[in-house]
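Structural description and commentary
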Amino acid sequence: MAMESTPAGAATAIELRVAARTEVADGVVTLTLQHPRGKRLPDWAPGAHVDLTLPCGLTRQYSLCGNRWDAYTYRVGVLREADSRGGSAFIHDELTEGARVALGGPRNNFALVPSPRYVFIAGGIGITPLLPMIAQAEMVGADWRLLYGGRCRASMAFLDELHAYGDKVTVAPQDEDGLLDLSAWLPAPRQDTKVYCCGPGPLLDAVERRCADWPAGLLRTERFLAKDQTPVRSEAFEVELRRSGVSLTVPPDQSVLQAMNTAGVHVLSSCRQGLCGTCETTVLAGEPDHRDSILDDEERAHGDCLFPCVSRSCTDRLVLDL
Amino acid sequence: MTSTLPNRQLPSTDVDPFSPEVLEDPLPMQAALREAGPVVRLSRYGIYAMARYEQVHAALTDWQSFQSAAGVGLSNFRYEQPWRPPSLLLEADPPHHDAPRAVLSKILGPRALRTLRADWFADAEQLVDQVLAEHEFDAATQLAESFPLRVFPDAVGLPRQGRENLLPYGDFLFNAFGPANDLVERGRPHVAELSAWVDEQCRRANLEATGFGAAIWAAADRGDITHEQAPLVVRSLLSAGVDTTVHGLAAVLYAFATHPEQWQRLRREPGLARVAFDEAVRWQSPVQTFFRTATTDVDLAGTRIAEGEKVLMFLGAANRDPRAWHDPDVFDLSRDPSGHVGFGMGIHQCVGQHVARLEAEALLTALAHRVEHLELAQQPRRHHNNTLRAWHSLPLRVHRAP
């Protein structure tokens, strides 16, 4: 216990426990995630997502849709994808309460920026990042409305929570109301109105077409691209510290930072949650498994640096400029 | 003072952490507070204090329970009018804190600073060559002040004129987090003028087209923050970006002047410059204290802190807590200072820490290449500030490397 607050002891990569798994609509479950020992989870803001590495080895991204005033719990909503590549099927069919998942992030490419007015447009499971945004818009007293579409009412998650917002929320199941009436919801752009949209590709395409001539920054969307990333490894990997001439093995239960410390190579760090950026280290060879909250997609793709307090390796071997 | 303390044994003391005696040497008081308990009542101000690493770290990271928007000084903004519009970063809570923080984190992030690195290293060499023309000099003014004042305002994009206002403005700001004592009163006659100058520099028209300031305004154009927020975010750079680094640099120079074997180690291993700076920040803690305000009744280490109560966190004491650090009073490059709270911790952790480290790395690297040995030429003098562990003078004698 005392060790955990001891500054020199680096944290291991964070693993979360599935504290609850709840069916909330047809084909949608929510997972409640907590630290196995009840510790605080890394801070996040609306629009953030996490990478979850499932026991089957797949890594998938999910928007956080809980309440960040509860620092001990994450909630994500997971749709069973019709053409699932395994991640959502695994969560629906096999993941049980008590199971462990590894955490990357949270990262935020879809931050809620300050505005007096918001229009939120959600399609299906795209409602998840918008839920905490709506809560926040309500909290700061912004003028907001939500248009929420889905295949049919039974497939649309969180209707009970949204009901509390009254007529600020328009629920438009396709089998009752047809396609979303974007022309009514997105008339001419207004500087005082930010539009946030998340949902399936065709909805995002339609919204982007509709807003193509708008000034930049008024429409903000999030699109989860199914990326064929190298699967992360749960086994140990080698790290070579080229300048120090040291090679070491990072076992699954240690962070790179911790393994380096054990080997007597100290890298300055601070938050040890992949947030502050202090331990940034140059990667000379190998492919990092980024689990920080700092790099954007482009920076991750470069693969030229990593944050050893949380990030790991996709390849057998990483070579660092240390 | 009524409170809902369940714990009648809560230790209490009438010590004044802002008295001249304590500001001159805070270490004995810090040790006494740490020993007294995890939470201590400061009867003179009717507030709670924590001086142990575990509690300070917990309060810094738990923004849900310990808010900043009621002010991070003694003054409680719920009841008292702040002396200037509150900071959008330091004196704000989520959700309002999110956007300004996200914008500034990116602008001051390590990746964004790469473009400054070569220039700042060259600037440091030039300054050090100039200063080393003498064997004895005041490192507080000629290095610790000169270097940040040379590189940082340029990086922000400030005009040359009026930069002499930056240090006194920061000095007043950091004094104003404490009680309205002599230090605050002495600064008060100048504050309107200093504030007016600072506010004026935050306007877009007064900032260079490239630089941190312009980048903040560009973020407003993208809608990531509002145009009303932009000048206040620029103000944060001018408020927190100068005095803190000045006294951090002075701290590391003082550390080396008094630990010659550590200087030899840095000369052998110049790659330790960043570690050295953070170890000095831990050891001296240029920012000594910040306050938080309880958002709800919080039970902390057996003490009930009632909603709305002020809590004083002794960062400097936490950084020397023997419960967390081995031989905490020793300045030692062998130590891993990671995890110190000299830059704070959590969502409000110093957004400029990478800037400070780069400045330190540049200055120390230039010195390590040129100076074989440095020592105190005279007894250095402290500068008293309610928040900062600061220096008035740091007279050094140096022996140049052959």
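Residues numbered from 1 in each chain as written. Chains lettered and ligands numbered in written order. Predicted model: local features only at pLDDT ≥ 70, side-chain atom pairs only at ≥ 80, totals over all residues. Heavy atoms only, no water.

Take the interface of chain A and chain B next. Taken residue by residue, the interface counts 38 residues in chain A and 37 residues in chain B. Across the chain A to chain B interface the summed buried area is about 2900 Å²; carbon plus sulfur atoms make up 49%. Note that R111(B) and E299(A) form a salt bridge whose closest N and O atoms lie 3.3 Å from each other. Here chain A is connected to chain B by 17 residue pairs in polar contact (both at pLDDT 80 or more). Here the side of chain A that touches chain B is composed, by residue class, of 18 nonpolar, ten polar and ten charged. (Contact = heavy atoms within 4.5 Å. Buried area = accessible area lost by both parts, 1.4 Å probe. Salt bridge = Lys/Arg side-chain N within 4 Å of Asp/Glu carboxyl O. Polar contact = N/O pair within 3.5 Å; in protein donor to acceptor, adjacent residues only side chain to side chain. Nonpolar A, V, L, I, M, F, W, Y, C, P; charged D, E, K, R; others polar.)

This paragraph deals with the packing of aromatic side chains. Residue and element names in this part refer to chain A. Following the criterion strictly, the structure yields 21 aromatic pairs over all chains and no others. Following the ring pairs from residue to residue traces out a cluster consisting of F110, Y118, F120, W144, Y165 and Y196. Directly above the ring of W185 sits R145, whose terminal nitrogen or CZ lies 4.2 Å from the centroid. (Phe/Tyr/Trp six-rings, centres within 6.5 Å; stacked < 30°, edge-to-face > 60°. Lys NZ or Arg CZ within 6 Å of the ring centre and 35° of its normal.)

Turning to helix α9 (residues 212–221) of chain B, a few remarks are in order. Residues and elements named next belong to chain B. Taking burial as the measure, the ten residues of α9 include seven buried ones, the bulk of the element. Of all the positions in α9, only F212, G213, A214, I216, W217, A219 and A220 are classed as buried. Looking one or two residues beyond α9, the residue adopting positive phi is G223, at roughly 85°. (Buried < 20%, exposed > 50% of the residue type's maximum accessible area, 1.4 Å probe, protein only. Helix = DSSP H or I, 4+ residues; strand = E, 2+ residues; numbered from the N terminus.)

Our focus in this paragraph is the packing of helix α11 (residues 243–258) of chain B against helix α13 (residues 273–284) of chain B. Residue and element names in this part refer to chain B. Contact geometry for α11 and α13: axes closest at 9 Å, N-to-C directions at 95°. The angle between the axes of α11 and α13 places the two elements in the roughly perpendicular class. For the pair α11 and α13, the contacting residues are G248, L249, A251, V252, Y254, A255, F256 and T258 in the first and A276, F277, A280, W283 and Q284 in the second. Within the contact of α11 with α13, the residues separate by chemical class into ten nonpolar, three polar and no charged. (Axes fitted to C-alpha atoms, helices over the stretch in contact; angles between N-to-C directions. Parallel < 35°, antiparallel > 145°, perpendicular 65-115°, else oblique.)

Residue and element names in this part refer to chain A. Examined against the element boundaries, I127 turns out to sit in helix α3 (residues 127–139). Residue classification places I127 among the buried positions, given a relative accessible area of 0%. Between the alpha carbons of I127 and G149 there is a distance of 9.0 Å; along the sequence they are 22 residues apart. Beyond its immediate chain neighbours, meaning those up to four positions away, I127 contacts A122, L146, Y148, A157, F158 and L162.

Below, the discussion takes up the sheet that holds strand β3 (residues 47–50) of chain B. All names here are of chain B. Read across the sheet, six strands follow the order β1-β2-β3-β9-β6-β4 without closing on themselves; strand pairing throughout is mixed. Two strands lie at the open edges of the sheet, namely β1 (12–13) and β4 (66–67), each paired on one side alone. Across two bridges, the pairing between β4 and strand β6 (residues 289–294) is antiparallel. Counterpart to Q67 in the pairing with β6 is T293. Across the sheet, helix α2 (residues 27–36) touches β1, β2 (40–42) and β9 (310–314), and the angle it forms with β2 is around 130°. Each of β3, β4, β6 and β9 is contacted by helix α3 (residues 53–61), which is oriented at about 125° to β9, the strand it contacts most. (Pairing = 2+ DSSP bridges.)

The next subject is the pairing of strand β11 (residues 219–222) of chain A. Residue and element names in this part refer to chain A. Here four bridges tie strand β10 (residues 193–198) to β11, and the two strands are oriented parallel to one another. Within β11, the residue paired with C197 across the bridge is T221. For the crossover from β10 across helix α7 (residues 201–210) to β11, the handedness is right-handed. (Right-handed = clockwise from strand over helix to strand, strands pointing away.)

So, about the domain arrangement of chain A. Residue and element names in this part refer to chain A. In terms of domain boundaries, chain A breaks down into domain 1 (2–106), domain 2 (117–222) and domain 3 (237–320). Across the domain 1/domain 2 interface, buried area totals approximately 1300 Å², and carbon plus sulfur atoms make up 63% of it. Inspection of the region where domain 1 meets domain 2 yields one salt bridge. Where R75 meets E161, a salt bridge forms, and the shortest distance between an N and an O atom there is 2.7 Å. Counting every contact that joins domain 1 to domain 2 gives three residue pairs in polar contact (both at pLDDT 80 or more). (Domains from an automatic or database assignment.)

Right, let's talk about the pairing of strand β18 (residues 317–320) of chain A for a bit. Residue and element names in this part refer to chain A. Pairing of strand β12 (residues 237–241) with β18, which is carried by four bridges, proceeds in the parallel orientation. If you follow V239 over to β18, its bridge partner there is L318. Pairing between strand β14 (residues 281–285) and β18: two bridges, direction antiparallel. Its bridge partner lying in β18, V283 is registered against L320.

This brings us to the sheet that holds strand β6 (residues 100–108) of chain A. Residue and element names in this part refer to chain A. One open sheet holds the six strands; their spatial order is β4-β3-β6-β1-β2-β5, and the pairing between them is antiparallel. Looking at which strands have only one partner, the edges of the open sheet turn out to be β4 (59–63) and β5 (74–79). The mean angle between the axes of side-by-side strands here comes to 40°, regardless of whether they run parallel or antiparallel. Note that strand β3 (residues 48–53) and β4 share five bridges and pair antiparallel. Along β4, the bridge assignment pairs V50 with Y62.

Moving on to the pattern of salt bridges. The tally for this structure, following the rule as stated, stands at 50 salt bridges over all chains. The salt bridge involving D93(A) is made with R80(A); its shortest N-O contact spans 2.5 Å. Here D93(A) is found in helix α2 (residues 87–93), whereas its partner R80(A) is found in the loop between β5 and α2, with 13 residues between them in sequence. One salt bridge in this structure joins R160(B) and D154(B), with 3.4 Å as the shortest N-O distance.

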